[in-house]
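Spelled out, the chains give:
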Amino acid sequence: MGALYSVAEIRQAEQAAAAQLPPGALMQRAGQAAARIALDLLGGAPARPVLVLAGPGNNGGDAFEVAANLAQAGVDVAIVHIACEGEPSAETAHALGRARASTATFADSIPDDGQWSLIVDGLFGIGLARPLEGAARAMVEAVNAVDCTVLALDVPSGLDADSGAVLGPDGVAVIATHTVTFIGDKPGLHTYAGRDYAGEVMVARLGIDEAMMPGASIHLNEPPMFELAFVPRLHASHKGSFGDVAVVGGAHGMAGAPILAARAALFSGAGRVYVASVDHGPAYDNVQPELMFRDAATHNFAGSTVVAGPGMGDSATAIRILAKLLDGESPLVLDADAINLVAASPDLQSRLSARHAPSILTPHPLEAARLLGVTAGVVQGDRLEAAREIAARFDAFVVLKGSGTVIAMPDGEAAINPTGNPGLASAGTGDVLAGLCGSLLAQGWPARDAALAAVWMHGQAADRLVAQGVGPIGLTAGELPAAIRTVLNRMVAQRPKRGGQPQS
Ligand SMILES: NC(=O)C1=CN([C@@H]2O[C@H](COP(=O)(O)OP(=O)(O)OC[C@H]3O[C@@H](n4cnc5c(N)ncnc54)[C@H](OP(=O)(O)O)[C@@H]3O)[C@@H](O)[C@H]2O)[C@H](O)CC1
Ligand SMILES: [K+]
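Cut-offs used in this document
- Residues numbered from 1 in each chain as written.
- Chains lettered and ligands numbered in written order.
- Predicted model: local features only at pLDDT ≥ 70, side-chain atom pairs only at ≥ 80, totals over all residues.
- Heavy atoms only, no water.
- Core = buried A, V, L, I, M, F, W, Y, C linked by side-chain atoms within 4.5 Å.
- Buried < 20%, exposed > 50% of the residue type's maximum accessible area, 1.4 Å probe, protein only.
- Helix = DSSP H or I, 4+ residues; strand = E, 2+ residues; numbered from the N terminus.
- Domains from an automatic or database assignment.
- Contact = heavy atoms within 4.5 Å.
- Buried area = accessible area lost by both parts, 1.4 Å probe.
- Salt bridge = Lys/Arg side-chain N within 4 Å of Asp/Glu carboxyl O.
- Polar contact = N/O pair within 3.5 Å; in protein donor to acceptor, adjacent residues only side chain to side chain.
- Nonpolar A, V, L, I, M, F, W, Y, C, P; charged D, E, K, R; others polar.

### A closer look at the nonpolar core
No. 1: Ranked by size, the top nonpolar core spans 58 residues in total, and within it F226, F230, I360, I407, L440, M457 and L480 carry the most contacts.
No. 2: Put simply, the parts of the chain that give this core at least two residues each are strand 10 (244-249), helix 7 (256-267), strand 11 (272-277), strand 16 (397-400), helix 14 (429-442), helix 15 (447-467) and helix 16 (480-494).
No. 3: With 12 residues, helix 15 is the largest single contributor of residues to this core.
No. 4: By size, the runner-up hydrophobic cluster in this structure holds 52 residues, among which are M27, A67, A193 and Y197.

Quick look at the structure:
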């Protein structure tokens, strides 16, 4: 279910499988699988020809197989080939021979007047070794200037299959509408720039079954990873049954952040929700009078799950309260300013590492960079590694936000989240996510399931709002809690049933 494999793991599986197959079998299967998808995308005999771009390596070999198969199906195919300086692999030479023997035509460059029904990108796959330049770069820029369906073979050319980064600086990559990736799905198609460049991702296993694959330590964050944690509510319950959340933050001028987090906690089922302000804050929230307001300096956090950070500021009071919370036994969610305070203080870092109660950190890339003492670019260049490093260093669950949010556990397990959209790139959505994480912890969820489910529901709620015509432009954080409530209750209703006693 949703396993993601590194380039090294794919190469390992490819070699093991190829050793038991006739030469070129995998490439022929790749060509057949991709041609079938291309024909589906064409929806029958296309009016305009198909352009196939073939690179110098085996990704190009796949492209030749696709071209020969499409030509055989009666499609008018034009091939532009970037030949390799040396000898192509035997399987690519064979595929080139098939393409030459077909009705496909070869051109030295992309015809200017081309009106294409489909472009197949077989320039580079998992063998991309450096930023595209010269003819390859020009070809990719020409493809991206055309408004038509683009099917990338294995990986959009120019994109790093592991990290989802466009190889740069100032790199280019094919913007595909669809990607058919071979043997196994890849993290770079789902995180960082991956979602924008890969489009709809389909996996063609090429007959290599799961048992032949190395054990995956990375998965797509999908409901089967956490759905058993959704438990229906018993009639015999009371607000104490569903835990207390205390949101700590609200320095001068930032009173809204903890209120957004608190509303998210309330709408996702926490029994009681407090806003503990580090400065003199509002007495109540007139939109949500259920929220209870306290002074963080005097509030008793015992028995509560604490969400620290939304609008917390960096005052001596904030630091003192955070230190006390880190030393306490409350489950903790650290977001925003709380993360920045930890990043700036070796003392707070050692308190965090020494904790026994669960901690979930929800940094965006710059906050993660501060925690690691690197630049945001370094974090974005390998989001999986950055999230895993923070999780290991602080023995915490880490949610590294951004397109394709990465969730990393202290034991090394990691997941990449597929839900969400640019509507979440607006003020306060991080506060909502932190409040949601805290609410699930307060309701007794294990930290791993809470982090996975919160990220998935947060994105899913934003996707539902966009589907209903709200956003993505102008989607506000305040609209998320009610949408999250709908998603959560639907997940509870759809949860796989277990026999026996009523579930509590
Ligand atoms: N082998 C199989 O059975 C199958 C392979 N599959 C497909 O193969 C690719 C991986 O093929 P590989 O040849 O390893 O790599 P690529 O085709 O992606 O590209 C490598 C060649 O491209 C050159 N290269 C790399 N970067 C650049 C660049 N920026 N500019 C120009 N040229 C570049 C590289 O040459 P070097 O100079 O780096 O030596 C190689 O010549 C995989 O993605 C699949 O599509 C299928 O899985 C089917 C089975
Ligand atoms: K490609």
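Read on for the rest.
### With respect to the domain arrangement of the protein
No. 1: Here the domain parsing of the protein yields domain 1 (3-216) and domain 2 (223-493).
No. 2: Centre-to-centre, using C-alpha coordinates, domain 1 lies 40 Å away from domain 2.
No. 3: In this assembly, 8 residues from domain 1 lie in contact with 13 residues from domain 2.
No. 4: Together domain 1 and domain 2 conceal approximately 810 Å² of surface at their shared face, both sides included; 52% is due to carbon and sulfur atoms.
No. 5: Ranking the residues of domain 1 by area buried against domain 2 places T191, Y192 and R195 at the top, with a combined share of 63%.
No. 6: Viewed at the interface, domain 2 and domain 1 are joined by 0 salt bridges.
No. 7: Here domain 1 is connected to domain 2 by 6 residue pairs in polar contact (both at pLDDT 80 or more).
No. 8: For the side of domain 1 that touches domain 2, a count of residues per class yields 3 nonpolar, 3 polar and 2 charged.

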